[in-house]
Amino acid sequence: MSRLSGADRLLLLDLLRLPTAGPLETGSDVGCGIREAQVRYARAAAEFGMEVAHHAPADPAVLSLEGVPAVVHEAAGADPAAFLGAQPNLVLRLGPELPTERTVMFNVHIDTVSGDLPVRLGRDRVEGRGAIDAKGPAVALLAGIRSACAREPSVGRDVGVLVQAVSGEEGGAMGVFGTRPLVASGYFGRLNVFCEPTGMRVLPRATAAMTAGISVAGSDSVDDEPEAGHNATVLLGFLAQHLAERLGREAGDGAVCVAGLHTGHRHNRVYGSGKLLINLSYGSAVTARRWEDAVTTELRRGLVEFSRRFAHIPLFGRTAADAPDITVLRWEKRGLPALRGTDPWGEDFLSREVGLTSWPPERPAFTCDAIWMAEVPGVHTVVLGPGELGRNNAHASGEYAGFEELERFAECVERILIRFARSRKER
């Protein structure tokens, strides 16, 4: 029995054609179709009884909370209400408002990364930006809920279903104005499923990330007198290699990404200013603290080593002498929680009753909005979805979702809800 109908495929094509990259990805809220995509999504859900419980942007006050990345503050600028207004959040509810113990919540993000891709419908798959991350899973989710309602009348009557269709997952927003305020408002259940590509394996963990920004603010000089200025390119290049070597030994349950390095574009100028970004993921607060200490310590050691090695080279003598004074560490992002799910009931329910396979314990987790469930007691939260980020070209050219894998996810959603509803009856 196919759960994905022709109408579902049309809805997916409709959503894929709407540009839903947020301002953090595009630099502008002009043409951002997130609200319209949510309206169309809610309209499709209403056909089988889901109602809108909430559809509004986050309160600007959320931007003053701990952990909001610097990139979000910079993008919001002097008019955070307008920034947030282009990126509302939607919550759909099936059935009456019920206690957490009798509720299942699904979270899926409607925003995408930037980059227009042609929408192509094939015999066995669909291509387009967001096909697997995460508009395809969003449509399959509705198909699964609809099918569960048809097979088990207690779904939506004795057991409630919530769907968070959020903004602010991409672009480095880390869910701070999407999932975070919805969780704070109580839109969650005893079981919470974040729909991200996991190859249909249950992942009860989600890493968080911190970003170190290392800036050099020195004096420029012309190429005829390179020794007169501070050479930020050479200094930051040295620090990038030093930190890559030293931090790479400290990974633990996280990963280090030596990312953007920028000083300038011209060949005939010594750039005295520039910036290096290092992103550090972590699976626990212990690792986060270790990263902070390691970055601070190794940056200091790197500056000492740079000064020692370059002090006697005339071209870089001024840079070597002033390196500690013109180099500044600023944390662009830190203080975010990491999810480490340990709930015996939830693990047993999904493996034994629903029949799902677990994510390999030796394989690292990844970062997603599930981190905001880390501090909610008495619930079980997992990441689960069709496809894989790499295999399905998420965030890249040729992003696609196979209809068979979307069908498998819809069937999985159906099974979760039916088994959850029947387990409540048995109590």
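No experiment lies behind these values; they were computed from the predicted model shown.

Engineer: Hey, could you run me through the sheet that holds strand β12 (residues 255–262) in this one?
Structural biologist: The strands that make up a sheet pair up through hydrogen bonds in the backbone, lying either parallel or antiparallel. The sheet built from four strands is open, its strands ordered β12-β14-β10-β15 with antiparallel pairing. The open sheet has two edge strands with one neighbour each: β12 and β15 (327–333). Taking the axes of each pair of neighbouring strands and ignoring which way they run, one obtains an average angle of 20° across the sheet. The pairing of strand β10 (residues 208–217) with β15 spans six bridges and is classified as antiparallel. Paired with S215 across the two strands is V328, which belongs to β15. Of the strands in this sheet, β10, β12, β14 (273–282) and β15 touch helix α9 (residues 285–310), which is tilted by about 160° from β15. Running at roughly 40° to β15, helix α10 (residues 317–326) makes contact with β10 and β15 of the sheet.

Engineer: Where do I start with the side chain of N392 in this structure?
Structural biologist: Structurally, N392 is set in the loop between β18 (380–383) and β19 (400–402). Reaching out from N392, the side chain makes a polar contact with the side chain of R391 at a distance of 3.5 Å. Residues within four places of N392 in sequence aside, it is in contact with I132, G387, G398, E399, Y400, A401 and E405.

Engineer: I keep staring at the sheet that holds strand β5 (residues 125–127) and nothing clicks. Help me out?
Structural biologist: Spatial ordering of the open sheet is given by β4-β5-β19, a layout of three strands whose pairing is antiparallel. The open sheet has two free edges, formed respectively by β4 (120–121) and β19, since each of these has just one partner strand. With three bridges joining them, β5 and β19 adopt antiparallel strand pairing. Bridge pairing in β19 places R125 opposite G402. Together, β4, β5 and β19 form the strand contacts of helix α12 (residues 403–425), whose direction differs from that of β19 by roughly 65°.

Engineer: Quick question: what am I supposed to make of the nonpolar core here?
Structural biologist: Among soluble globular proteins, nonpolar side chains are generally buried collectively. One finds V72 and F177 to be the most contacted residues of the largest nonpolar core, which totals 68 residues. Inspection of this core shows a minimum of three residues originating in each of domain 1 (6–207 + 338–424) and domain 2 (209–333). Aside from chain neighbours lying at most four places away, what touches V72 is L24, L63, F83, G172, A173, V176 and F177. Among the nonpolar cores identified, the runner-up in size contains 63 residues, and Y41, F48, L90 and L141 belong to it.

Engineer: I tried to follow the pattern of salt bridges on my own but got confused; where do I start?
Structural biologist: Any two side chains of opposite charge can pair if their charged atoms end up close together. Taken as a whole, this structure holds 29 salt bridges when the rule is applied. For R151, the salt bridge is made with E414, and the minimal N-O distance between the two is 2.5 Å. With R151 in helix α6 (residues 135–151) and E414 in helix α12, the pair connects residues that are 263 residues apart, well separated along the chain. Residues K275 and E332 are paired through a salt bridge, measuring 2.9 Å at the closest nitrogen-oxygen approach. Of this pair, K275 sits in strand β14 while E332 is found in strand β15, placing the two residues 57 residues apart along the sequence. One continuous salt-bridge network, built from bridges that share partners, spans R3, R151, E407 and E414.

Engineer: Even after reading the chapter, I still don't get the domain arrangement of the chain, so can you show me in this structure?
Structural biologist: By convention, interface size is frequently given as the accessible area that disappears when the constituent parts associate. Assigned domains within the chain: domain 1 (6–207 + 338–424) and domain 2 (209–333). For domain 1 and domain 2, the distance between their C-alpha centroids amounts to 37 Å. Facing eight residues of domain 1, the contacting portion of domain 2 comprises nine residues. Taken together, the two surfaces of domain 1 and domain 2 that pack against each other cover about 710 Å², and 54% of this comes from carbon and sulfur. Counting every contact that joins domain 1 to domain 2 gives one salt bridge. Connecting domain 1 to domain 2 are two residue pairs in polar contact (both at pLDDT 80 or more). Taken together, the residues of the side of domain 1 that touches domain 2 break down into four nonpolar, two polar and two charged.

Engineer: Even after reading the chapter, I still don't get a negative patch on the surface, so can you show me in this structure?
Structural biologist: Where like charges cluster on the molecular surface, the negative patch consists of D223, D224, E225 and E227. Position of E227 relative to the elements: it lies in the loop between β11 (221–222) and α8 (232–247).

Analysis parameters
Residues numbered from 1 in each chain as written. Predicted model: local features only at pLDDT ≥ 70, side-chain atom pairs only at ≥ 80, totals over all residues. Heavy atoms only, no water. Pairing = 2+ DSSP bridges. Helix = DSSP H or I, 4+ residues; strand = E, 2+ residues; numbered from the N terminus. Axes fitted to C-alpha atoms, helices over the stretch in contact; angles between N-to-C directions. Contact = heavy atoms within 4.5 Å. Polar contact = N/O pair within 3.5 Å; in protein donor to acceptor, adjacent residues only side chain to side chain. Core = buried A, V, L, I, M, F, W, Y, C linked by side-chain atoms within 4.5 Å. Buried < 20%, exposed > 50% of the residue type's maximum accessible area, 1.4 Å probe, protein only. Domains from an automatic or database assignment. Salt bridge = Lys/Arg side-chain N within 4 Å of Asp/Glu carboxyl O. Buried area = accessible area lost by both parts, 1.4 Å probe. Nonpolar A, V, L, I, M, F, W, Y, C, P; charged D, E, K, R; others polar. Patch = residues over 30% accessible without salt bridge, like charges linked within 9 Å, V, L, I, M, F, W, Y side chains within 5 Å. Areas by Shrake-Rupley, 256 points an atom, 1.4 Å probe, with all protein chains shown as cover. Lys, Arg positive; Asp, Glu negative; His and termini not counted. Charge placed at Lys NZ, Arg CZ, Asp CG, Glu CD.

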